Amino acid sequence: MDFTLTAEHTQLRDLIRNFAEKELRPVAAKNDKTHTFPMEQIKKLGEMGFMGMVIPEEWGGAGMDPISYVIMMEEISRVCASTSVTLSVNNSLVCEVLKNFGTEDQKKRFLIPLAKGEKIGAYCLTEPMSGSDAATQKTSAKLDGDFYVINGAKNFITNGPQSDTLILFAMTDPSKGAKGVNAFVLDTKTPGVVIGKGENKMGIRSSGTCTISFDNVRVPVNQRLGEELSGFIIAMKTLDNGRIGIAAQALGIAQAALEEAIKYGKERKQFDRPLTDNQGIRWMIADMATRVEAARQLIFQAAYQKTLGGRFTKYSAIAKLFASETATYVTNKALQIHGGYGFTSEYPAERLMRDARVTELYEGTSEIQRLVIAMQTLKEFDA
Ligand code: CAA
């Protein structure tokens with residue numbers, strides 16, 4: 001078993017690290033303060049192929065493997081987690097759903113510009129009254145001739161304010177619960193789609209998040225993804241992809257916090273010696289480094305399982321659970337090592353801690369990941 005990165009993966013990591021240091025580092029803290037979406041950098045990342053990394057070249061993507069994708073997500077998140085969540089949603093939740101479930105026409109019309117980074121996509125699943133319990137969504141899609149008529153609202157939509165294309169889930173047959181849902185792809189400019197005001201968030205403040213409402217939106221039947229009423233399974237399979245990306249985002253934030261803690265701990269002197277000369281601080285560094293490394297291995301394992309082509313639900317949930325809790329833990333310790341300075345915006349520790357927190361919430365809370373892992377583990381035991 002070889003745990004080292006290949007020459008190609010190392011080269012890719014260096015390329016992305018270089019981009020992040022040069023293009024994102026100078027603006028990340030300022031954009032966080034002013035809630036400014038990094039459009040210029042997202043466009044450049046799109047031109048480099050990072051908006052549709054695992055999408056085949058014939059569909060506008062870079063044709064890379066899932067390991068390359070998690071390397072990219074870790075490196076961008078290490079510098080700016082707001083930028084990386086935009087990439088994560090476009091790559092895993094929007095482009096991949098179209099690659100896996102789109103028709104030839106849907107791919108031509110919607111996937112190619114998204115994978116090339118010419119357009120930005122959003123994934124509309126969550127609703128004000130339906131978050132963790134995704135099968136109880138109220139947004140309705142009623143068949144009317146060759147169209148579905150959509151009414152309702154979706155909230156906490158990442159990329160919503162900047163989106164050109166939406167992947168939308170809506171209930172066609174409420175009596176069937178999870179088996180009554182349809183999935184659609186549509187243009188944000190479709191009449192009746194209303195983009196709401198951006199949320200004022202605790203973290204990832206330069207990414208866009210908003211409510212989107214649907215008022216008698218007419219979507220042609222040929223924009224439904226997959227078979228009639230197969231939307232819930234499409235949503236869940238897509239979240240299997242998304243959770244690996246969010247795990248890598250959490251890892252990048254944790255890695256950054258570890259580096260910041262070491263840098264500060266070596267510079268800052270108290271009692272005539274650097275902080276890192278104290279055993280108490282070293283124990284903290286050891287615990288942080290151990291969890292970061294374990295998270296990285298779980299993420300590579302999940303990405304590897306995905307390359308095998310079978311179901312990887314358990315692996316992506318394990319990676320997301322562990323990495324997001326690691327990000328919360330490591331950023332908290334990093335702030336502690338900074339003492340009072342960590343509580344000010346003079347140092348990146350507080351931004352990292354704020355950004356880390358959401359990784360335990362979106363694409364399923366830590367409690368949902370535990371539910372998914374337990375369901376899969378019990379199923380394997382019975383098999
Ligand atoms: N792959 C394939 N099939 C799956 C599946 C998967 N990953 N997950 C579920 N299914 C299937 C089940 O096997 C089942 O099929 P059968 O009835 O034929 O056996 C069917 O789907 C229904 O599954 P469940 O009975 O398990 O469904 P449930 O209603 O109990 O819900 C849940 C399960 C895991 C709690 C699910 O609702 C869930 O994951 N909730 C969290 C939703 C979530 O993550 N939301 C995040 C929003 S997106 C976001 O955050 C993006 C962003 O902006 C960053």
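See above for the structure.
## Brief notes about unusual backbone geometry
Okay, step 1: Located in the positive-phi region is N216, a residue other than glycine, with phi close to 50 degrees.
Okay, step 2: Mapped onto the secondary structure, N216 falls in strand β7 (residues 209–220).
Okay, step 3: Residue N216 is classed as partly exposed on the basis of its relative accessible area, which comes to 49%.
Okay, step 4: Here D272, not a glycine, exhibits a phi torsion of approximately 70 degrees, which is positive.
Okay, step 5: Note on D272: relative accessible area 80%, which makes it exposed.

## What to know about the pattern of salt bridges
Okay, step 1: In this structure the tally under the stated criterion is 21 salt bridges.
Okay, step 2: For R205, the salt bridge is made with D32, and the minimal N-O distance between the two is 3.9 Å. You can see R205 sitting in the loop between β6 (193–198) and β7 and its partner D32 sitting in helix α1 (residues 7–34), a full 173 residues away along the chain.
Okay, step 3: Given the relative accessible area of 6%, D32 is considered buried.
Okay, step 4: In this structure, E40 engages K44 in a salt bridge whose closest nitrogen and oxygen atoms are separated by 3.6 Å.

## Side note on the site of the ligand
Okay, step 1: The ligand sits among 27 residues. The nearest are S132, T158, K179, D240 and E363.
Okay, step 2: The separation between a nitrogen atom of the ligand and a polar side-chain atom of R311 is 3.4 Å.
Okay, step 3: A distance of 3.0 Å is found between an oxygen atom of the ligand and a backbone nitrogen or oxygen belonging to G364.
Okay, step 4: Compared with its free state, where it exposes 1,100 Å², the ligand has 75% of that area covered by protein.
Okay, step 5: Of all the secondary structure elements, the ones that give two or more residues to the shell around the ligand are α4 (81–101), β3 (147–158), α6 (231–267) and α10 (366–382).

## Re helix α7 (residues 279–308)
One turn of the α-helix equals 3.6 residues, which is why residues spaced by three or four share an orientation.
Okay, step 1: Here α7 spans 44 Å end to end across 30 residues, near enough to the 44 Å set by a 1.5 Å rise per residue.
Okay, step 2: Elements that come into contact with the buried residues of α7 comprise α3 (66–79), α4, α6 and α8 (313–338).
Okay, step 3: Phi for G309, located one or two positions after α7, is positive at around 95 degrees.

## Observations concerning the pairing of strand β1 (residues 121–124)
Okay, step 1: Burial along β1 is two-sided: the face carrying G121 and Y123 and the face carrying A122 and C124 are both buried.
Okay, step 2: As paired elements, β1 and strand β4 (residues 165–171) share four bridges and run parallel to each other. What sits directly across from A122, in β4, is L166.

## Quick word on the packing of aromatic side chains
Okay, step 1: All told, the structure shown has four aromatic pairs when counted by the stated rule.
Okay, step 2: Relative to Y347, the ring of Y264 has its centre 5.3 Å away and its plane inclined at 85 degrees; by these criteria the two rings are edge-to-face. A residue pair is termed long-range when its members are at least 10 positions apart, and Y264 in helix α6 and Y347 in the loop between α8 and α9 (349–357) qualify at 83 residues.
Okay, step 3: Summarising the aromatic geometry, the rings of Y341 and Y347 are spaced 6.0 Å apart at their centres and angled 65 degrees between planes, so their arrangement reads as edge-to-face.
Okay, step 4: Overall, the relative accessible area of 25% leaves Y347 in the partly exposed class.
Okay, step 5: Stacked on the ring of F147, the Lys or Arg R218 has its end atom at 4.9 Å from the ring centre.

## What to know about the nonpolar core
The tendency in soluble globular proteins is for nonpolar side chains to be buried side by side.
Okay, step 1: Counting 61 residues, the largest nonpolar core has M72, I76, L87, M288, I299 and I337 as the members making the most contacts within it.
Okay, step 2: Secondary-structure elements contributing two or more residues to this core are α1, α2 (39–47), α3, α4, α6, α7, α8 and α9.
Okay, step 3: If you tally residues by element for this core, the top one is α6, at 13 residues.
Okay, step 4: In this view, M72 contacts I16, F50, M53, L87 and N91; residues no more than four positions away in its chain are not counted.
Okay, step 5: Core analysis: the second largest hydrophobic core is formed by 27 residues, W59, L93, C95 and F232 among them.

Cut-off values and rules
Residues numbered from 1 in each chain as written. Predicted model: local features only at pLDDT ≥ 70, side-chain atom pairs only at ≥ 80, totals over all residues. Heavy atoms only, no water. Helix = DSSP H or I, 4+ residues; strand = E, 2+ residues; numbered from the N terminus. Buried < 20%, exposed > 50% of the residue type's maximum accessible area, 1.4 Å probe, protein only. Salt bridge = Lys/Arg side-chain N within 4 Å of Asp/Glu carboxyl O. Near = heavy atom within 4 Å. Polar contact = N/O pair within 3.5 Å; in protein donor to acceptor, adjacent residues only side chain to side chain. Areas by Shrake-Rupley, 256 points an atom, 1.4 Å probe, with all protein chains shown as cover. Expected span 1.5 Å × (residues − 1). Contact = heavy atoms within 4.5 Å. Pairing = 2+ DSSP bridges. Phe/Tyr/Trp six-rings, centres within 6.5 Å; stacked < 30°, edge-to-face > 60°. Lys NZ or Arg CZ within 6 Å of the ring centre and 35° of its normal. Core = buried A, V, L, I, M, F, W, Y, C linked by side-chain atoms within 4.5 Å.

Shape descriptors only; they carry no functional weight alone.
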